[in-house]
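Structural overview for review
What follows is the residue order along each chain.
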Amino acid sequence: MDETEERHRALSALVLVVFLWGVNSISIKYLTQFFPPLALAPIRLSLAAVFLLLIAFFRHGCHKVTRKAWLSITGIAVLSIFLHQIALTFGIKATSATHSVIILGSSPLFTILLANVFFKEAFTLEKCMGIVLGMGGLFAIVCGRTQGGATFEGDLLVFVAMITFVCGSFFVKQATITVPPLVVTAYSHCLGAAGLMLLGLTVNPVWTYSPESLSVKTLAVLLFSSFISTAIGAVLWNMGIQKVGATTASLFQNASPIIGVFASAFFLGEQISWQHLAALSLVLLGVVFGAGMLKLPVRSA
């Protein structure tokens, strides 16, 4: 296979990831009807972790991990998986899937903002414009709650889920210096899933709400969210980054909220209002400016 064909395959994989991640919030929203949040999160992540671990083992064997890398992997597990999944599952249960995908879609903006705060990266006018637009989009979502079932508390929890995921992502670069990305993904998911399972066993009096939790449709959505959206999505994302680079791959991520908004309307029957479209537009414009894909005109002296 030549280089061009490999690149095309990688780009196709990234398109698939965008779709999978765009509909995953809808899957989680549907599943919260049948499982308590602290049962759904450990079940989903445990299934995904086992799947990822098997793939990593067949691909890389028992890869040796240094103590320093384990610290970074643990940071990913705690922030991007354990805390992220708790806040995400409770948040999506308490708000609409439409609100969730728009809030989660602002993650590239907060990656840029926190990178400037913690790593002293250059703060350009475009980044400032991106943050203002993105904040405007989130403000429109929170203050214009016309979507049935959406609450401020739910929106806030989804925002916390997004922030914890972004903070955990800063450990990835350090972890992947000596460990393959797939192994980092598998090990961090295993640690996060173990923590979620222990928490679930401690606090859950019941693990399902009704016998329908074990219906064919519900189990199909659960397996899709665990194996396809979470596990295979992570594998394809790593493959895409390896072939085309993180910068090019991140451009695809910007389409996830668009897919999620319309998937919410199609699969869950949620109504899309002008506030949702305005918020989505502001968030996407913010990401475009913040990522440097669109430059402000420079006035000559």
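Scoring rules and cut-offs
- Residues numbered from 1 in each chain as written.
- Predicted model: local features only at pLDDT ≥ 70, side-chain atom pairs only at ≥ 80, totals over all residues.
- Heavy atoms only, no water.
- Helix = DSSP H or I, 4+ residues; strand = E, 2+ residues; numbered from the N terminus.
- Buried < 20%, exposed > 50% of the residue type's maximum accessible area, 1.4 Å probe, protein only.
- Contact = heavy atoms within 4.5 Å.
- Areas by Shrake-Rupley, 256 points an atom, 1.4 Å probe, with all protein chains shown as cover.
- Core = buried A, V, L, I, M, F, W, Y, C linked by side-chain atoms within 4.5 Å.
- Polar contact = N/O pair within 3.5 Å; in protein donor to acceptor, adjacent residues only side chain to side chain.
- Phe/Tyr/Trp six-rings, centres within 6.5 Å; stacked < 30°, edge-to-face > 60°.

1. Topic: the overall build of the chain
Helix and strand content of the chain: 13 helices and 0 strands. Scored against the burial criterion, the 301 residues of the chain give a buried share of 47%. A fraction of 88% describes how many contacts in the chain between residues 6 or more apart in sequence connect residues 24 or more apart. Roughly 14,700 Å² of accessible area belongs to the chain as shown, and the carbon and sulfur atoms make up 71% of that amount.

2. What about the nonpolar core?
Counting 20 residues, the largest nonpolar core has Leu 31, Phe 35 and Leu 40 as the members making the most contacts within it. In terms of residue count, helix α7 (residues 152–169) provides more of this core than any other element does, 4 residues in total. If we ignore the near neighbours within four places in the chain, the residues touching Phe 35 are Leu 40, Ile 43, Trp 207, Thr 208, Tyr 209, Ser 213, Thr 218 and Leu 222. Judged by nonpolar contacts, the second largest core, of 16 residues, contains Leu 52, Ile 73, Val 179 and Tyr 187.

3. A word on the side chain of Ser 188
Relative to the helices and strands, Ser 188 resides in helix α9 (residues 181–203). The exposure class of Ser 188 is buried, given its relative accessible area of 2%. Of note is the side chain of Ser 188, whose polar atom sits 3.1 Å from the backbone oxygen of Thr 185. Setting aside residues up to four positions removed in sequence, Ser 188 forms contacts with Ile 73, Ile 76, Ala 77 and Ile 81.

4. Here we look at the environment of Phe 82
Along the chain, Phe 82 turns up in helix α3 (residues 67–94). As for Phe 82 and Pro 42, which are separated by 40 residues in sequence, their C-alpha atoms are 9.0 Å apart. With residues near it in sequence (within four places) discarded, Phe 82 still touches Ala 77, Gly 192, Gly 195, Leu 196 and Leu 199.

5. Some points on the packing of aromatic side chains
Note on aromatic pairs: each is described by the distance of the centres and the angle between the planes. Scanning the entire structure with this criterion turns up 4 aromatic pairs. Ring geometry for Phe 57 against Phe 58: centres 5.8 Å apart, planes inclined by 75 degrees, an arrangement best described as edge-to-face. The exposure class assigned to Phe 58 is exposed, which follows from its relative accessible area of 70%.

6. Re the environment of Asn 204
Structurally, Asn 204 is set in the loop between α9 and α10 (216–244). Owing to a relative accessible area of 13%, Asn 204 belongs among the buried residues under this scheme. Considered as a pair, Asn 204 and Ala 39 are 165 residues apart in the sequence and their alpha carbons are 7.0 Å apart. Non-local contacts of Asn 204, meaning those with residues more than four positions away in its chain, are made with Pro 36, Leu 38 and Ala 39. Within the structure, Asn 204 has its side chain in polar contact with the backbone oxygen of Leu 38 (distance 2.8 Å).

7. Section: the environment of Leu 125
Relative to the helices and strands, Leu 125 resides in helix α6 (residues 125–143). In the structure, Leu 125 is positioned 164 residues away from Phe 289 in sequence and 9.0 Å away in space, judged by C-alpha atoms.

8. Digging into the side chain of Ser 72
Structurally, the position occupied by Ser 72 is in helix α3. In contact with Ser 72, other than residues within four places in its own chain, are Phe 171, Gln 174 and Ala 175.

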